[in-house]
Amino acid sequence: EERSVTTPRESLLSHFQDALRSCTSKTLAAQENTQVCLPLYRNLVLMERVSDKVSSARGVCKRLLKACPGSVPICLLLAEVEARHGTSQDTVKVLQDAASRHGQSAELHHALAKCFLTQGDTDSALGALVTCAQAFFNLEGSSEDHTPQRLYSKLLGQPVPLGYTSPSYVEGVDHTTVRGEQLYLWLNYSLLLDLQGDSVGSAEMYESAVCSLTSTRDVQTVWMEYLKYHLSRSQASPDKMAATKTLRELTNRCLVSMPTRFPRQQSQGHWQDYSFHNKVVDLFVGCLEKGERSAAYENFLRMMPNNVNLALRALEHAFTTGDLQLARSLLATVPAGQPPCLGLWQLYSIPVSWETCTSY
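First, a word on what this report is: a plain description of the structure on this page. (Residues numbered from 1 in each chain as written. Predicted model: local features only at pLDDT ≥ 70, side-chain atom pairs only at ≥ 80, totals over all residues. Heavy atoms only, no water.)

1. Points about the nonpolar core
Side chains that are nonpolar tend, in soluble globular proteins, to be buried together.
In step 1: Phe136, Tyr152, Leu185, Val222, Trp223, Val281 and Phe300 are the most contacted members of the largest nonpolar core, which has 100 residues in total.
In step 2: Element by element, the count of residues in this core is highest for helix H11 (residues 182-195), at nine residues.
In step 3: When residues no more than four places from it in sequence are discounted, the contact partners of valine 281 are Leu255, Tyr297, Phe300, Met304 and Leu310. (Core = buried A, V, L, I, M, F, W, Y, C linked by side-chain atoms within 4.5 Å. Buried < 20%, exposed > 50% of the residue type's maximum accessible area, 1.4 Å probe, protein only. Helix = DSSP H or I, 4+ residues; strand = E, 2+ residues; numbered from the N terminus. Contact = heavy atoms within 4.5 Å.)

This is how it looks when you write it as C-alpha coordinates:
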(Lines give C-alpha, C1' and ligand atoms only; values in the text may rest on other atoms or scores of the structure.)
Protein backbone atom coordinates (compact mmCIF):
# COMPACT_ATOMS: atom_id res chain seq x y z
CA GLU A 1 0.00 0.00 0.00
CA GLU A 2 1.41 3.35 -1.08
CA ARG A 3 1.09 6.30 1.28
CA SER A 4 1.77 10.00 0.92
CA VAL A 5 5.09 11.40 2.10
CA THR A 6 5.01 13.74 5.12
CA THR A 7 8.77 14.33 5.46
CA PRO A 8 10.05 17.11 3.16
CA ARG A 9 11.26 15.67 -0.14
CA GLU A 10 14.59 17.55 0.02
CA SER A 11 15.36 15.97 3.37
CA LEU A 12 14.58 12.49 2.06
CA LEU A 13 16.71 13.06 -1.05
CA SER A 14 19.62 14.06 1.17
CA HIS A 15 19.25 10.85 3.17
CA PHE A 16 19.11 8.77 -0.02
CA GLN A 17 22.25 10.44 -1.33
CA ASP A 18 24.08 9.71 1.93
CA ALA A 19 22.92 6.09 1.84
CA LEU A 20 23.97 5.63 -1.78
CA ARG A 21 27.41 7.10 -1.11
CA SER A 22 27.83 4.75 1.86
CA CYS A 23 26.83 1.68 -0.15
CA THR A 24 28.84 2.50 -3.28
CA SER A 25 32.33 1.07 -3.56
CA LYS A 26 35.07 2.58 -5.72
CA THR A 27 36.47 -0.90 -6.31
CA LEU A 28 33.27 -2.13 -7.99
CA ALA A 29 32.11 -1.48 -11.53
CA ALA A 30 29.07 0.72 -12.14
CA GLN A 31 26.83 -2.28 -12.83
CA GLU A 32 27.87 -4.01 -9.60
CA ASN A 33 27.29 -0.85 -7.56
CA THR A 34 23.86 -0.46 -9.14
CA GLN A 35 22.98 -4.04 -8.22
CA VAL A 36 24.13 -3.57 -4.61
CA CYS A 37 22.16 -0.32 -4.26
CA LEU A 38 19.03 -1.60 -6.06
CA PRO A 39 16.82 -1.68 -2.90
CA LEU A 40 17.73 1.97 -2.25
CA TYR A 41 16.95 2.93 -5.84
CA ARG A 42 13.58 1.14 -5.64
CA ASN A 43 12.64 3.19 -2.59
CA LEU A 44 13.96 6.38 -4.18
CA VAL A 45 11.73 5.83 -7.23
CA LEU A 46 8.77 5.06 -4.97
CA MET A 47 9.41 8.23 -2.97
CA GLU A 48 9.48 10.32 -6.16
CA ARG A 49 6.27 8.71 -7.36
CA VAL A 50 4.26 9.31 -4.19
CA SER A 51 5.66 12.87 -4.11
CA ASP A 52 4.12 13.42 -7.59
CA LYS A 53 7.58 13.77 -9.13
CA VAL A 54 6.94 11.24 -11.89
CA SER A 55 9.45 12.79 -14.30
CA SER A 56 12.13 12.47 -11.60
CA ALA A 57 11.18 8.82 -11.05
CA ARG A 58 11.51 8.16 -14.78
CA GLY A 59 14.82 10.02 -14.81
CA VAL A 60 16.25 7.83 -12.04
CA CYS A 61 15.28 4.67 -13.94
CA LYS A 62 16.70 5.90 -17.25
CA ARG A 63 19.98 6.97 -15.67
CA LEU A 64 20.29 3.57 -14.05
CA LEU A 65 19.56 1.82 -17.34
CA LYS A 66 22.24 3.88 -19.02
CA ALA A 67 24.76 2.80 -16.39
CA CYS A 68 23.47 -0.77 -16.22
CA PRO A 69 21.71 -1.62 -19.52
CA GLY A 70 21.55 -5.32 -18.71
CA SER A 71 19.49 -4.93 -15.53
CA VAL A 72 16.10 -6.60 -15.84
CA PRO A 73 14.90 -5.32 -12.41
CA ILE A 74 15.47 -1.71 -13.53
CA CYS A 75 13.54 -2.33 -16.77
CA LEU A 76 10.68 -3.66 -14.67
CA LEU A 77 10.97 -0.67 -12.33
CA LEU A 78 10.58 1.73 -15.27
CA ALA A 79 7.65 -0.31 -16.57
CA GLU A 80 5.99 -0.03 -13.15
CA VAL A 81 6.37 3.76 -13.24
CA GLU A 82 4.74 3.86 -16.68
CA ALA A 83 1.98 1.47 -15.59
CA ARG A 84 1.09 3.67 -12.62
CA HIS A 85 1.54 7.10 -14.18
CA GLY A 86 1.86 6.74 -17.95
CA THR A 87 -0.29 5.16 -20.64
CA SER A 88 -0.77 1.48 -21.43
CA GLN A 89 1.10 2.03 -24.71
CA ASP A 90 4.07 3.47 -22.81
CA THR A 91 4.16 0.42 -20.54
CA VAL A 92 3.97 -2.00 -23.47
CA LYS A 93 6.74 -0.16 -25.29
CA VAL A 94 9.07 -0.31 -22.27
CA LEU A 95 8.44 -4.02 -21.80
CA GLN A 96 8.67 -4.88 -25.49
CA ASP A 97 11.97 -3.04 -25.86
CA ALA A 98 13.33 -4.74 -22.74
CA ALA A 99 12.14 -8.21 -23.84
CA SER A 100 13.74 -7.76 -27.27
CA ARG A 101 17.08 -6.91 -25.61
CA HIS A 102 16.78 -9.68 -22.98
CA GLY A 103 15.21 -12.51 -24.95
CA GLN A 104 15.87 -15.12 -22.29
CA SER A 105 14.31 -13.14 -19.43
CA ALA A 106 11.19 -15.12 -18.61
CA GLU A 107 10.22 -12.47 -16.06
CA LEU A 108 10.09 -9.71 -18.69
CA HIS A 109 7.95 -11.85 -20.98
CA HIS A 110 5.68 -12.65 -18.05
CA ALA A 111 5.28 -8.94 -17.26
CA LEU A 112 4.59 -8.19 -20.93
CA ALA A 113 1.94 -10.93 -21.14
CA LYS A 114 0.26 -9.65 -17.97
CA CYS A 115 0.32 -6.11 -19.39
CA PHE A 116 -1.44 -7.28 -22.56
CA LEU A 117 -4.03 -9.13 -20.47
CA THR A 118 -4.89 -5.97 -18.53
CA GLN A 119 -5.72 -4.45 -21.93
CA GLY A 120 -7.83 -7.47 -22.90
CA ASP A 121 -5.36 -8.49 -25.63
CA THR A 122 -5.19 -12.26 -25.16
CA ASP A 123 -3.59 -12.95 -28.55
CA SER A 124 -0.63 -10.65 -27.84
CA ALA A 125 -0.26 -12.16 -24.36
CA LEU A 126 -0.08 -15.63 -25.90
CA GLY A 127 2.45 -14.35 -28.42
CA ALA A 128 4.71 -13.03 -25.65
CA LEU A 129 4.60 -16.38 -23.84
CA VAL A 130 5.35 -18.34 -27.02
CA THR A 131 8.23 -16.01 -27.91
CA CYS A 132 9.70 -16.57 -24.45
CA ALA A 133 10.00 -20.34 -24.95
CA GLN A 134 11.31 -19.99 -28.50
CA ALA A 135 14.02 -17.51 -27.47
CA PHE A 136 16.01 -20.23 -25.72
CA PHE A 137 16.30 -22.52 -28.76
CA ASN A 138 17.80 -22.62 -32.23
CA LEU A 139 14.75 -23.45 -34.34
CA GLU A 140 16.11 -22.58 -37.79
CA GLY A 141 16.05 -25.38 -40.34
CA SER A 142 14.25 -27.82 -38.05
CA SER A 143 11.45 -29.97 -39.44
CA GLU A 144 10.16 -30.95 -35.99
CA ASP A 145 6.88 -29.56 -34.67
CA HIS A 146 8.29 -27.46 -31.85
CA THR A 147 5.11 -26.41 -30.08
CA PRO A 148 5.44 -24.02 -27.14
CA GLN A 149 4.20 -26.81 -24.85
CA ARG A 150 7.09 -29.03 -25.92
CA LEU A 151 9.63 -26.24 -25.59
CA TYR A 152 8.46 -25.32 -22.08
CA SER A 153 8.45 -28.99 -21.12
CA LYS A 154 12.05 -29.29 -22.28
CA LEU A 155 13.07 -26.16 -20.34
CA LEU A 156 11.33 -27.37 -17.17
CA GLY A 157 12.37 -31.02 -17.32
CA GLN A 158 8.84 -32.24 -17.98
CA PRO A 159 8.00 -35.27 -20.16
CA VAL A 160 7.95 -34.76 -23.95
CA PRO A 161 6.36 -37.05 -26.57
CA LEU A 162 8.25 -40.25 -27.34
CA GLY A 163 10.45 -39.75 -30.39
CA TYR A 164 10.50 -35.97 -30.12
CA THR A 165 13.93 -34.47 -30.75
CA SER A 166 14.45 -31.29 -28.77
CA PRO A 167 16.25 -28.41 -30.50
CA SER A 168 19.61 -27.18 -29.26
CA TYR A 169 19.97 -24.04 -27.17
CA VAL A 170 20.92 -20.82 -28.91
CA GLU A 171 24.44 -19.54 -28.43
CA GLY A 172 25.00 -18.14 -24.96
CA VAL A 173 22.29 -20.27 -23.32
CA ASP A 174 23.15 -23.30 -21.20
CA HIS A 175 21.63 -25.24 -18.31
CA THR A 176 22.75 -22.58 -15.84
CA THR A 177 20.86 -19.91 -17.80
CA VAL A 178 17.72 -22.03 -17.82
CA ARG A 179 17.96 -22.82 -14.09
CA GLY A 180 18.12 -19.09 -13.37
CA GLU A 181 14.80 -18.56 -15.16
CA GLN A 182 12.89 -21.49 -13.64
CA LEU A 183 10.40 -19.47 -11.56
CA TYR A 184 8.99 -17.44 -14.43
CA LEU A 185 9.26 -20.29 -16.91
CA TRP A 186 6.86 -22.22 -14.67
CA LEU A 187 4.55 -19.22 -14.35
CA ASN A 188 4.67 -18.57 -18.11
CA TYR A 189 3.85 -22.17 -18.96
CA SER A 190 0.95 -22.23 -16.48
CA LEU A 191 -0.41 -18.96 -17.89
CA LEU A 192 0.04 -20.19 -21.48
CA LEU A 193 -2.02 -23.32 -20.79
CA ASP A 194 -4.69 -21.27 -19.02
CA LEU A 195 -5.02 -18.87 -21.96
CA GLN A 196 -5.23 -21.85 -24.33
CA GLY A 197 -8.17 -23.19 -22.34
CA ASP A 198 -6.33 -26.08 -20.68
CA SER A 199 -7.35 -25.38 -17.05
CA VAL A 200 -6.39 -28.87 -15.88
CA GLY A 201 -2.90 -28.62 -17.40
CA SER A 202 -2.45 -25.13 -15.99
CA ALA A 203 -3.29 -26.29 -12.45
CA GLU A 204 -0.93 -29.26 -12.86
CA MET A 205 1.92 -26.91 -13.81
CA TYR A 206 1.27 -24.75 -10.75
CA GLU A 207 1.35 -27.89 -8.60
CA SER A 208 4.58 -29.05 -10.25
CA ALA A 209 6.16 -25.64 -9.72
CA VAL A 210 5.29 -25.65 -6.01
CA CYS A 211 6.98 -29.06 -5.66
CA SER A 212 9.98 -28.34 -7.90
CA LEU A 213 11.25 -24.94 -6.80
CA THR A 214 13.58 -24.82 -3.81
CA SER A 215 13.65 -21.12 -2.91
CA THR A 216 11.06 -20.14 -0.31
CA ARG A 217 10.53 -16.78 -1.99
CA ASP A 218 9.98 -18.46 -5.38
CA VAL A 219 7.48 -20.93 -3.94
CA GLN A 220 5.63 -18.05 -2.27
CA THR A 221 5.40 -16.29 -5.63
CA VAL A 222 3.98 -19.41 -7.28
CA TRP A 223 1.47 -19.93 -4.48
CA MET A 224 0.15 -16.37 -4.83
CA GLU A 225 -0.27 -16.76 -8.60
CA TYR A 226 -1.88 -20.18 -8.11
CA LEU A 227 -4.37 -18.83 -5.57
CA LYS A 228 -5.22 -15.85 -7.77
CA TYR A 229 -5.77 -18.26 -10.65
CA HIS A 230 -8.24 -20.29 -8.57
CA LEU A 231 -9.86 -17.11 -7.27
CA SER A 232 -10.55 -15.88 -10.80
CA ARG A 233 -12.01 -19.27 -11.70
CA SER A 234 -14.17 -19.37 -8.55
CA GLN A 235 -15.60 -15.93 -9.33
CA ALA A 236 -16.64 -17.16 -12.79
CA SER A 237 -17.96 -20.51 -11.53
CA PRO A 238 -21.75 -21.09 -11.41
CA ASP A 239 -21.28 -23.25 -8.30
CA LYS A 240 -19.92 -20.65 -5.88
CA MET A 241 -20.09 -22.95 -2.85
CA ALA A 242 -17.96 -25.69 -4.41
CA ALA A 243 -15.51 -23.17 -5.85
CA THR A 244 -15.08 -21.46 -2.48
CA LYS A 245 -14.56 -24.83 -0.80
CA THR A 246 -11.80 -25.68 -3.28
CA LEU A 247 -10.18 -22.30 -2.76
CA ARG A 248 -10.38 -22.71 1.03
CA GLU A 249 -8.69 -26.12 0.87
CA LEU A 250 -5.95 -24.76 -1.39
CA THR A 251 -5.45 -21.76 0.90
CA ASN A 252 -5.13 -24.00 3.97
CA ARG A 253 -2.64 -26.20 2.12
CA CYS A 254 -0.58 -23.16 1.23
CA LEU A 255 -0.58 -21.82 4.80
CA VAL A 256 0.47 -25.07 6.46
CA SER A 257 3.15 -25.86 3.87
CA MET A 258 5.04 -22.56 4.01
CA PRO A 259 7.52 -21.83 6.84
CA THR A 260 7.10 -18.99 9.31
CA ARG A 261 10.35 -19.51 11.26
CA PHE A 262 13.55 -18.22 9.68
CA PRO A 263 17.13 -18.19 11.03
CA ARG A 264 18.52 -14.85 12.15
CA GLN A 265 21.32 -13.70 9.92
CA GLN A 266 23.37 -11.85 12.53
CA SER A 267 22.79 -14.02 15.60
CA GLN A 268 21.65 -17.43 16.75
CA GLY A 269 18.00 -18.40 16.97
CA HIS A 270 15.01 -17.84 14.75
CA TRP A 271 12.42 -15.16 14.09
CA GLN A 272 8.82 -15.50 12.97
CA ASP A 273 7.54 -13.88 9.80
CA TYR A 274 3.84 -14.17 8.97
CA SER A 275 3.83 -11.48 6.26
CA PHE A 276 3.29 -13.96 3.42
CA HIS A 277 0.64 -15.87 5.34
CA ASN A 278 -1.25 -12.66 6.06
CA LYS A 279 -1.26 -11.78 2.34
CA VAL A 280 -2.76 -15.20 1.62
CA VAL A 281 -5.40 -14.70 4.32
CA ASP A 282 -6.25 -11.25 2.96
CA LEU A 283 -6.67 -12.71 -0.52
CA PHE A 284 -9.04 -15.42 0.70
CA VAL A 285 -11.04 -13.29 3.13
CA GLY A 286 -11.49 -10.65 0.44
CA CYS A 287 -13.51 -13.08 -1.68
CA LEU A 288 -15.95 -13.93 1.14
CA GLU A 289 -19.23 -12.28 2.03
CA LYS A 290 -18.95 -10.04 5.09
CA GLY A 291 -21.01 -12.46 7.17
CA GLU A 292 -18.52 -15.28 6.49
CA ARG A 293 -15.36 -13.42 7.41
CA SER A 294 -15.52 -13.73 11.20
CA ALA A 295 -15.55 -17.54 11.04
CA ALA A 296 -12.68 -17.47 8.55
CA TYR A 297 -10.57 -15.26 10.82
CA GLU A 298 -11.23 -17.54 13.79
CA ASN A 299 -10.22 -20.58 11.76
CA PHE A 300 -6.98 -18.96 10.59
CA LEU A 301 -6.15 -17.85 14.13
CA ARG A 302 -6.54 -21.43 15.36
CA MET A 303 -3.99 -22.39 12.70
CA MET A 304 -1.63 -19.50 13.62
CA PRO A 305 -2.21 -18.52 17.26
CA ASN A 306 1.08 -16.57 17.41
CA ASN A 307 0.17 -14.36 14.46
CA VAL A 308 -0.38 -11.02 16.20
CA ASN A 309 -0.99 -9.03 13.01
CA LEU A 310 -3.67 -11.48 11.95
CA ALA A 311 -5.30 -11.13 15.38
CA LEU A 312 -5.27 -7.36 14.87
CA ARG A 313 -7.00 -7.75 11.51
CA ALA A 314 -9.61 -10.02 13.05
CA LEU A 315 -10.21 -7.63 15.95
CA GLU A 316 -10.60 -4.68 13.61
CA HIS A 317 -13.15 -6.69 11.66
CA ALA A 318 -15.04 -7.52 14.86
CA PHE A 319 -14.88 -3.87 15.90
CA THR A 320 -16.25 -2.56 12.58
CA THR A 321 -19.05 -5.15 12.56
CA GLY A 322 -20.06 -4.25 16.13
CA ASP A 323 -19.40 -7.66 17.67
CA LEU A 324 -17.79 -7.13 21.07
CA GLN A 325 -18.31 -10.75 22.08
CA LEU A 326 -16.32 -11.89 19.06
CA ALA A 327 -13.60 -9.37 19.92
CA ARG A 328 -13.32 -10.84 23.43
CA SER A 329 -13.14 -14.40 22.10
CA LEU A 330 -10.43 -13.38 19.65
CA LEU A 331 -8.40 -11.87 22.46
CA ALA A 332 -8.57 -15.17 24.30
CA THR A 333 -6.72 -16.85 21.40
CA VAL A 334 -3.63 -14.67 21.90
CA PRO A 335 -1.18 -16.50 24.19
CA ALA A 336 -0.19 -14.65 27.35
CA GLY A 337 3.42 -15.65 26.74
CA GLN A 338 3.77 -13.42 23.68
CA PRO A 339 6.62 -10.89 23.97
CA PRO A 340 5.43 -7.33 24.66
CA CYS A 341 4.89 -5.34 21.48
CA LEU A 342 2.81 -2.45 20.16
CA GLY A 343 0.54 -4.84 18.31
CA LEU A 344 -0.51 -6.58 21.51
CA TRP A 345 -1.24 -3.27 23.24
CA GLN A 346 -3.44 -2.40 20.27
CA LEU A 347 -5.19 -5.74 20.56
CA TYR A 348 -6.17 -5.14 24.16
CA SER A 349 -6.92 -1.43 23.84
CA ILE A 350 -9.45 -1.68 21.00
CA PRO A 351 -12.27 -3.49 22.87
CA VAL A 352 -11.48 -1.67 26.14
CA SER A 353 -11.79 1.73 24.50
CA TRP A 354 -14.94 0.57 22.74
CA GLU A 355 -16.55 -0.49 26.02
CA THR A 356 -15.62 2.88 27.52
CA CYS A 357 -17.21 4.75 24.62
CA THR A 358 -20.40 2.68 24.55
CA SER A 359 -20.91 2.94 28.29
CA TYR A 360 -21.90 6.63 28.03
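2. Here's the deal with the pattern of salt bridges
Opposite charge on two side chains allows them to pair when their charged atoms are near.
In step 1: One pass over the structure, following the stated rule, counts nine salt bridges.
In step 2: Arginine 49 serves as the salt-bridge partner of glutamate 80, at 3.4 Å between the closest nitrogen and oxygen. One end of the pair, glutamate 80, is in helix H5 (residues 72-85); the other, arginine 49, is in helix H3 (residues 38-50), with 31 residues separating them in the sequence.
In step 3: Between arginine 253 and glutamate 207 there is a salt bridge; the shortest N-O distance is 2.8 Å. Placement of the pair is arginine 253 in helix H14 (residues 240-257) and glutamate 207 in helix H12 (residues 199-212), with a sequence separation of 46 residues. (Salt bridge = Lys/Arg side-chain N within 4 Å of Asp/Glu carboxyl O.)

3. Remarks on helix H4 (residues 54-67)
In step 1: Here H4 spans 20 Å end to end across 14 residues, near enough to the 20 Å set by a 1.5 Å rise per residue.
In step 2: For H4, the set of buried residues is Val54, Ala57, Gly59, Val60, Cys61, Leu64 and Leu65.
In step 3: Lining the buried residues of H4 we find helix H2 (30-36), H3 and H5. (Expected span 1.5 Å × (residues − 1).)

4. Structural notes on the layout of surface pockets
In step 1: In this structure, the largest pocket occupies an estimated 1900 Å³ of space.
In step 2: Forming the walls of the largest pocket are 48 residues, and the residues nearest its centre are Glu107, Tyr184, Thr221, Glu225 and Lys228.
In step 3: The set of elements that each furnish at least two residues to the lining of the largest pocket consists of H3, H5, helix H6 (88-101), helix H7 (106-118), H11, H12, helix H13 (216-236) and helix H15 (275-285).
In step 4: Of the residues contributing to the lining of the largest pocket, the split by class is 22 nonpolar, 13 polar and 13 charged. (1 Å grid on protein atoms, 1.4 Å probe; cavity = no way out; pocket = protein on both sides within 12 Å on 5 of 7 lines; lining within 4 Å. Points joined across faces, edges and corners; volume = space filled by probe spheres on them. Nonpolar A, V, L, I, M, F, W, Y, C, P; charged D, E, K, R; others polar.)

5. Considerations on the side chain of asparagine 33
In step 1: Residue placement: asparagine 33 occurs in helix H2.
In step 2: For asparagine 33, a relative accessible area of 11% puts it in the buried group.
In step 3: Within polar-contact distance, the side chain of asparagine 33 engages the backbone oxygen of leucine 28 at 3.4 Å.
In step 4: Excluding residues within four positions of it along the chain, asparagine 33 makes contact with Cys23, Thr24, Ser25 and Leu28. (Polar contact = N/O pair within 3.5 Å; in protein donor to acceptor, adjacent residues only side chain to side chain.)

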